[in-house]
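This is what each chain is made of:
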Amino acid sequence: MKRFKIMITVVVSILFISLLLYNFGIIGITASRLEQDARKNQHIVKSWSVEKAVSDNIGAMIFYGDHSDESVYSIYLNRKGFSLGYFFYTGGSEGAIADGVAEFTFLDYGSLLLSMNRDKVKTIVFGNKDISPILVDPTKPFTVILPDNCESFELYDVNRKSIPVTVYAY
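Residues numbered from 1 in each chain as written. Predicted model: local features only at pLDDT ≥ 70, side-chain atom pairs only at ≥ 80, totals over all residues. Heavy atoms only, no water.

(A) Expanded view of the packing of aromatic side chains. Here the structure, examined in full by the defined rule, presents seven aromatic pairs. Ring geometry for F104 against Y168: centres 5.1 Å apart, planes inclined by 20°, an arrangement best described as stacked. A residue pair is termed long-range when its members are at least 10 positions apart, and F104 in strand β5 (residues 101-106) and Y168 in strand β12 (residues 166-169) qualify at 64 residues. Relative accessible area serves as the criterion here: at 1%, F104 is assigned to the buried category. On the basis of an interplanar angle of 10° and a centroid distance of 6.2 Å, the ring pair of F104 and Y170 is categorised as stacked. Of the two residues, F104 sits in strand β5 while Y170 sits in the segment after β12, which places them 66 residues apart along the sequence. Relative accessible area serves as the criterion here: at 39%, Y170 is assigned to the partly exposed category. Each residue in the set Y73, Y89, F104, F106, Y168 and Y170 is aromatic and connected to the rest through ring pairs, giving one cluster. (Phe/Tyr/Trp six-rings, centres within 6.5 Å; stacked < 30°, edge-to-face > 60°. Helix = DSSP H or I, 4+ residues; strand = E, 2+ residues; numbered from the N terminus. Buried < 20%, exposed > 50% of the residue type's maximum accessible area, 1.4 Å probe, protein only.)

Below, the structure is given as structure tokens:
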């Protein structure tokens, strides 16, 4: 009987500590559950497609319907310091994503690109020659987390025309 009481006390203590850590923003969402969390919290239907990218610091997704007329984005950050998992940072609909390319830059976390790709971006070329160009499917929306050592970059469409970027800095 004494052993049973100890086990119950340990289980209840673990649950209580876990609840406290979650409520104080120390435990976040695992990388494998980011899409599920975004769909639930932003009320995104299951039939919408998703393009996503996840790094050690950032998780980013763009959701879109069959005809790519509507889109919703979600960005999660893996907080620095004592925390576990990713935490929702921003999301919604943005004209720069729907009509062009948006760059989101987060101090100490990195940068990413989101686009419905109406400009038919095909290649991302970096100013640092040590970084290989990234090829993008020009027929699909894209989410790309930029490399940490990326100092500058240029986007090119299928005709090698340079594509402008709208920058959001946080």
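(B) Examining the pairing of strand β2 (residues 58-64) more closely. For β2, the tally of buried residues reaches seven of seven residues, placing the bulk of the element in the interior. Pairing of strand β1 (residues 49-54) with β2, which is carried by six bridges, proceeds in the antiparallel orientation. From the neighbouring strand, K52 faces β2, where its bridge partner is M61. Between β1 and β2, which pair antiparallel in sequence order, lie three residues. Direction of pairing for β2 relative to strand β3 (residues 71-77): antiparallel, over a ladder of seven bridges. Bridge pairing in β3 links G59 to Y76. The turn joining β2 and β3, which pair antiparallel and follow one another in sequence, is formed by six residues; a positive phi near 55° is taken by S68. (Pairing = 2+ DSSP bridges.)

(C) Region of the structure containing the nonpolar core. One finds I58, I75, I97, F104, F106, L112 and L114 to be the most contacted residues of the largest nonpolar core, which totals 18 residues. Going through the elements one at a time, β2, β3, α3 (95-99), β5 and β6 (110-115) are the ones with two or more residues in this core. Those residues in contact with I58, other than ones at most four positions away along the chain, are A53, I75, Y76, L77, Y86, F106, Y109, G110, S111, L112 and I145. Of all hydrophobic cores here, the second largest spans 14 residues; its members include L113, F126, I131 and I163. (Core = buried A, V, L, I, M, F, W, Y, C linked by side-chain atoms within 4.5 Å. Contact = heavy atoms within 4.5 Å.)

(D) Fine view of the sheet that holds strand β11 (residues 162-163). Reading across the sheet, the four strands line up as β8-β7-β10-β11 and stay open at both edges, with antiparallel pairing between neighbours. Two strands lie at the open edges of the sheet, namely β8 (134-135) and β11, each paired on one side alone. With two bridges joining them, strand β7 (residues 121-126) and β8 adopt antiparallel strand pairing. Looking at the pairing, T123 lines up with L135 of β8.

(E) Looking closely at the environment of D148. Positionally, D148 belongs in the loop between β9 (142-145) and β10 (153-157). Sequence separation of D148 and I8 is 140 residues, and the distance between their C-alpha atoms is 47 Å.

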